[in-house]
Amino acid sequence: MDLSGEIDILGASVGGVDGADGARPQPCLETRNLSVCYAGNRQALNKVRLTVPRQRVTALIGPSGCGKTSLLRCFNRLNDLVDDCVITGRVRLEGKNIYSPKIDVTELRRRVGMVFQKPNPFPKSIYENVAFGLRIRGIGSRRRLDEIVEESLAAAALWDEVKDRLHHSALALSGGQQQRLVIARTLAVAPEVLLLDESASALDPISTLKIEELITELKKRYTIVIVTHNLQQAARVSDYTAFMDMGDLVEFDTTARIFTNPVKRRTEEYITGRYG
């Protein structure tokens, strides 16, 4: 799919590809003419136009420095924390401009949760890691906390492994378990979107497989956007794939089409390993 024109991924050529009922996926996140420039006039994104469908997995792929993470960080305004970062264009979540002055950024980051490459559990118990955001939101009922902690750990496929040691340190968990704990902590505050930035790249193959299985399960309830350098992983877990290069969104389509019949030569060369 060529993005040089006004093309929307929810058009007839894409709609209904992976829906059991043939229904087209609805838009969740949308960018229009989104550009990001860091200090020193380093252009990270160039007028990116993208529509991320609801309750699907969208993978962002491309060589290092192509703008994948910069784009991901625009979805929950983490780039606001970067000095001298200039952002132009629009980003909409469920049709509303997230860069509007009226937007509560804290609430936005609850709705759009992010999991980073390296697991970052708090130096607290497993239970308190998951309950942390709930307490900040004013949930004090022990019964309610217990319910949400169990639900979140179960959703992150971790409950059975830790239910007998909830009050042990989270730092004693393995790397893969820590990453799933971080996902559980994110799920506990009821987000709508999950952003995963190379969330399995630091894990062993078995832990990586569990994260991939978890992603497949979670898309039934959440919109998921992943950044990955692992093309095989993108092919396994994503429904749609965006190939980026030098700040440009070169091509976006269903994952099957991107990996088997890309339109752009740059995409084909990257997918086949001829560069990047």
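Reading guide: rules and limits
- Sequence order as written defines residue numbering, which begins from 1 separately in each chain.
- With pLDDT at 70 or above as the cut-off, local features in this predicted model cover only qualifying residues; side-chain atom pairs require 80 or more to be listed or tallied, and sums for whole chains, interfaces and linings still use all residues.
- In computing side-chain values, all of the structure's heavy atoms are included and hydrogens and water are not.
- For two strands to be treated as a pair, DSSP must find no fewer than two bridges joining them.
- Only DSSP runs of H or I with at least four residues qualify as helices, and only runs of E with at least two residues qualify as strands; both kinds are numbered from the N terminus onward.
- In this description, a nonpolar core means a group of buried Ala, Val, Leu, Ile, Met, Phe, Trp, Tyr and Cys residues linked to one another through side-chain atoms lying within 4.5 Å.
- When a residue's accessible area, from a 1.4 Å probe over protein chains only, is under 20% of the maximum for its type it is buried; when over 50% it is exposed; and in between it is partly exposed.
- Note on contacts: a residue pair is in contact if any heavy atoms of the two residues lie within 4.5 Å.
- Pairing of aromatic side chains here covers Phe, Tyr and the six-membered ring of Trp, requires ring centres within 6.5 Å, and sorts the geometry by plane angle: under 30 degrees stacked, over 60 edge-to-face, intermediate tilted.
- We call a charge positioned over a ring when the NZ of a Lys or the CZ of an Arg lies within 6 Å of the ring centre and within 35 degrees of the ring normal.
- For every residue, the predictor states its confidence as a pLDDT score lying anywhere from 0 to 100.
- To get an axis, fit a line to the C-alpha atoms, keeping to the stretch in contact for a helix; angles then go from 0 to 180 degrees between the N-to-C directions.
- By definition in this entry, angles of less than 35 degrees are roughly parallel, angles greater than 145 are roughly antiparallel, angles of 65 to 115 are roughly perpendicular, and the rest are oblique.
- It is the rotation of the near helix from the far one that decides the hand of a crossing: anticlockwise by less than a right angle makes it left-handed, clockwise makes it right-handed.
- Gly falls in the polar group here, along with every residue not listed as nonpolar (Ala, Val, Leu, Ile, Met, Phe, Trp, Tyr, Cys, Pro) or charged (Asp, Glu, Lys, Arg).
- Salt bridge, as applied in this entry: a Lys or Arg side-chain nitrogen positioned within 4 Å of an Asp or Glu carboxyl oxygen.

**Q** Please explain the sheet that holds strand 2 (residues 42-53) as it appears in this structure.
**A** Adjacent strands of a sheet pair through backbone hydrogen bonds, lying either parallel or antiparallel. Strand order in this open sheet of four strands is 2-1-4-5, and the pairing throughout is antiparallel. Looking at strand neighbours, the two that pair on one side only are strand 2 and strand 5 (96-97), the edges of this open sheet. One ladder, built from eight bridges, connects strand 1 (residues 27-38) with strand 2; its direction is antiparallel. By the bridge assignment for strand 2, Leu 29 is matched with Val 52.

**Q** Explain the nonpolar core here, please?
**A** Ranked by size, the top nonpolar core spans 46 residues in total, and within it Leu 153 and Ile 224 carry the most contacts. In terms of residue count, helix 6 (residues 175-188) provides more of this core than any other element does, six residues in total. Leu 29, Tyr 38, Leu 71 and Tyr 240 belong to the second largest nonpolar core, which has 33 residues in total.

**Q** What should I look at first to understand the pairing of strand 6 (residues 112-115) in this one?
**A** With burial as the criterion, each face of strand 6 is covered, one bearing Val 112 and Met 114 and the other bearing Gly 113 and Val 115. Of the strand pairs in this sheet, strand 6 and strand 7 (residues 193-197) are connected by four bridges, and their pairing is parallel. From the neighbouring strand, Val 115 faces strand 7, where its bridge partner is Leu 196.

**Q** Explain helix 3 (residues 126-136) to me, please; I cannot follow it from the model alone.
**A** Residues Ile 126, Tyr 127, Asn 129, Val 130, Ala 131, Gly 133 and Leu 134 constitute the buried set of helix 3. Contacts made by the buried residues of helix 3 are with helix 4 (142-155), helix 5 (159-162) and helix 6.

**Q** So what exactly am I meant to see when it comes to the packing of aromatic side chains here?
**A** The description of two aromatic rings rests on the distance between their centres and on the angle between their planes. Applying the stated criterion across every chain, the model contains three aromatic pairs. Seen in terms of ring centroids, Tyr 240 and Phe 252 are 6.0 Å apart; in terms of plane orientation they differ by 0°. Their pairing is stacked. Placement of the pair is Tyr 240 in strand 9 (residues 240-245) and Phe 252 in strand 10 (residues 248-254), with a sequence separation of twelve residues. For the pair Tyr 240 and Phe 252, one class covers both residues: buried. Positioned over the ring face of Phe 122 is Arg 185, at 4.0 Å from the centre of the ring.

**Q** Explain the confidence of the model for the chain here, please?
**A** Summarising the model, the chain shows a mean pLDDT of 90, and 91% of its residues fall at 70 or more. Below a pLDDT of 50 lies the segment residues 1-21, which in the model reaches 50 contacts outside its immediate sequence neighbourhood of four places, other chains included.

**Q** I keep staring at the sheet that holds strand 9 and nothing clicks. Help me out?
**A** If you trace the six strands from one edge of the open sheet to the other, you get 6-7-8-3-9-10, paired in mixed fashion. The sheet is open, and its two borders are formed by strand 6 and strand 10, each paired with just one other strand. Pairs of neighbouring strands in the sheet enclose a mean axial angle of 15°, with direction left out of account. When strand 7 meets strand 8 (residues 223-227), the two strands line up parallel, connected through five bridges. What sits directly across from Asp 197, in strand 8, is Val 227. Strands in contact with helix 6 are strand 6 and strand 7; relative to strand 6, the strand with the most contacts, it is inclined by about 170°. Contacting strand 3 (57-61), strand 7 and strand 8, helix 7 (residues 205-218) runs over the sheet at an angle of about 150° to strand 8.

**Q** Would you take a moment to explain the packing of helix 6 against helix 7 for this structure?
**A** For any two helices packed against each other, one specifies the inter-axial angle together with the distance between the axes. Helix 7 packs onto helix 6 with a crossing angle of 20° between their chain directions and a minimal axis gap of 9 Å. Between helix 6 and helix 7, the crossing angle belongs to the class labelled roughly parallel. In this structure, helix 6 crosses over helix 7, and the sense of that crossing is right-handed. In this structure, helix 6 contributes Gly 176, Gln 179, Arg 180, Ile 183 and Leu 187 to the contact, and helix 7 contributes Ser 207, Lys 210, Ile 211, Leu 214 and Leu 218. Looking at the contact of helix 6 with helix 7 residue by residue, the classes come out as five nonpolar, three polar and two charged.

**Q** What is the right way to look at the pattern of salt bridges in this model?
**A** Side-chain pairs of opposite charge can arise whenever the charged atoms involved come near each other. Under the criterion given, the structure shown has 20 salt bridges. Here Lys 220 and Glu 217 are joined by a salt bridge, their closest N and O atoms 3.2 Å apart. On the basis of relative accessible area, Lys 220 is assigned to the exposed category, the value being 56%. Glu 217 gets classed as partly exposed once you look at its relative accessible area, which sits at 44%. One salt-bridge network, held together by shared partners, links Glu 30, Arg 32 and Arg 92.

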